[in-house]
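# Structural overview for review
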Amino acid sequence: MSKMKSFDISKQAVWDSYLKVKSNHGAAGVDQQSIELFEEDLKDNLYKIWNRMSSGSYFPPPVLRVEIPKGDGKMRKLGIPTVADRIAQMVVKNHIEPELETIFHPDSYGYRPNRSAKQALTQARQRCWKYDWVVDMDIKGFFDNISHDLMMLAVRKHTEDKWVLLYVERWLKAPVQLMNGEVEERTMGTPQGGVTSPLLANLFLHYAFDYWMQGNYPLNPFERYADDIVAHCCTEAEAIQLKTEIAKRMEQCGLELHPEKTKIVYCKDANRKGN
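Note that this is a predicted model, so its numbers are computed, not measured.

Turning to the pattern of salt bridges, a few remarks are in order. One pass over the full model with this rule turns up 10 salt bridges. In this structure, lysine 48 and aspartate 44 form a salt bridge, with 3.6 Å as the shortest nitrogen-oxygen distance. Placement of the pair is lysine 48 and aspartate 44 together in helix 3 (residues 42-55), with a separation of four residues, close to one helical turn. Accessibility expressed as a relative area gives 35% for lysine 48, which makes it partly exposed. Taking the relative accessible area as the measure of exposure, aspartate 44 reaches 31% and is therefore partly exposed. Through salt bridges with shared partners, one network takes in Asp107, Arg127 and Glu223.

Strand order across the open sheet formed by four strands is 2-1-4-5, with mixed pairing between neighbours. On the outer flanks of this sheet lie strand 2 (75-80) and strand 5 (183-184), each paired with one strand and no other. Where strand 1 (residues 63-69) meets strand 2, six bridges bridge the pair, whose relative direction is antiparallel. Bridge pairing links leucine 64 to isoleucine 80 in strand 2.

Bridge analysis of strand 1 against strand 4 (residues 176-177) gives two bridges, and the strand direction is parallel. Bridge pairing in strand 4 places leucine 64 opposite glutamine 177. Here strand 1 folds back onto strand 2, and the loop between the two strands holds five residues, one of which, glycine 73, carries a positive phi near 90 degrees.

Another point: the sheet that holds strand 6 (residues 222-225). Hydrogen bonds along the backbone pair up the strands of a sheet, which may run parallel or antiparallel. If you trace the four strands from one edge of the open sheet to the other, you get 6-7-3-8, paired in antiparallel fashion. Since the sheet does not close on itself, it has two edges, and those belong to strand 6 and strand 8 (263-266), each with one partner. Sheet twist, expressed as the average angle between the axes of neighbouring strands with direction ignored, equals 20 degrees. For strand 3 (residues 133-138) and strand 8, the ladder comprises four bridges, and the chain directions are antiparallel.

Calculation criteria
- Residues numbered from 1 in each chain as written.
- Predicted model: local features only at pLDDT ≥ 70, side-chain atom pairs only at ≥ 80, totals over all residues.
- Heavy atoms only, no water.
- Salt bridge = Lys/Arg side-chain N within 4 Å of Asp/Glu carboxyl O.
- Helix = DSSP H or I, 4+ residues; strand = E, 2+ residues; numbered from the N terminus.
- Buried < 20%, exposed > 50% of the residue type's maximum accessible area, 1.4 Å probe, protein only.
- Pairing = 2+ DSSP bridges.
- Axes fitted to C-alpha atoms, helices over the stretch in contact; angles between N-to-C directions.

This is how it looks when you write it as structure tokens:
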């Protein structure tokens, strides 16, 4: 590495990140550059990412916001970074994910290596044999409402690498470009669709929920897939109380349980077939 570089980021790390981004087949961002177009000058484009990240001069372009239909008839907002920015984000994700994986809760299943929604569902069904009630929760607009200050507090707890902190903060603050070309500044949230966003979201909820539950309600197991959470209780009264306390905890962290999607559910015997 050149002595002139501020940060020790290897060219191999950028290459490995490019290969991952390529395998994920993402759409083009605000620059309309596809993977194929990026590869027309691959060596130079990768060098630019490495050079700018290593020198501290990398600034992410705006994230392109698109809307896709959700199952309930509403639209989900996705943020699409450029190909180059996805590669840069992957460099950071690959660097910090192994460390974060060592502290994440075993019942956190979303966006993690070798974990799936099916595993979460299987565990929930097994626990419903022992616990008659569940608090079924959804966090309202979770990705859009993450506090940047609390997010950076969590990241600083797990890395002292200045370049990681620098770029995570820049990605959190990167503006959003709408389909009509209008650009919006962001003061909270992390774009759903960004490479680092799922990892950051898990880290945020590790402290906002998982770690908090483990310390305060160790007798109430749960399964969490991103911001969809199921917590198990023995009685309805216990479930009502737990829901109230979790709502307070979410409020402390700048979040809100979705009033329509958050419910207390009885695990009926008819649903306990173990399949």
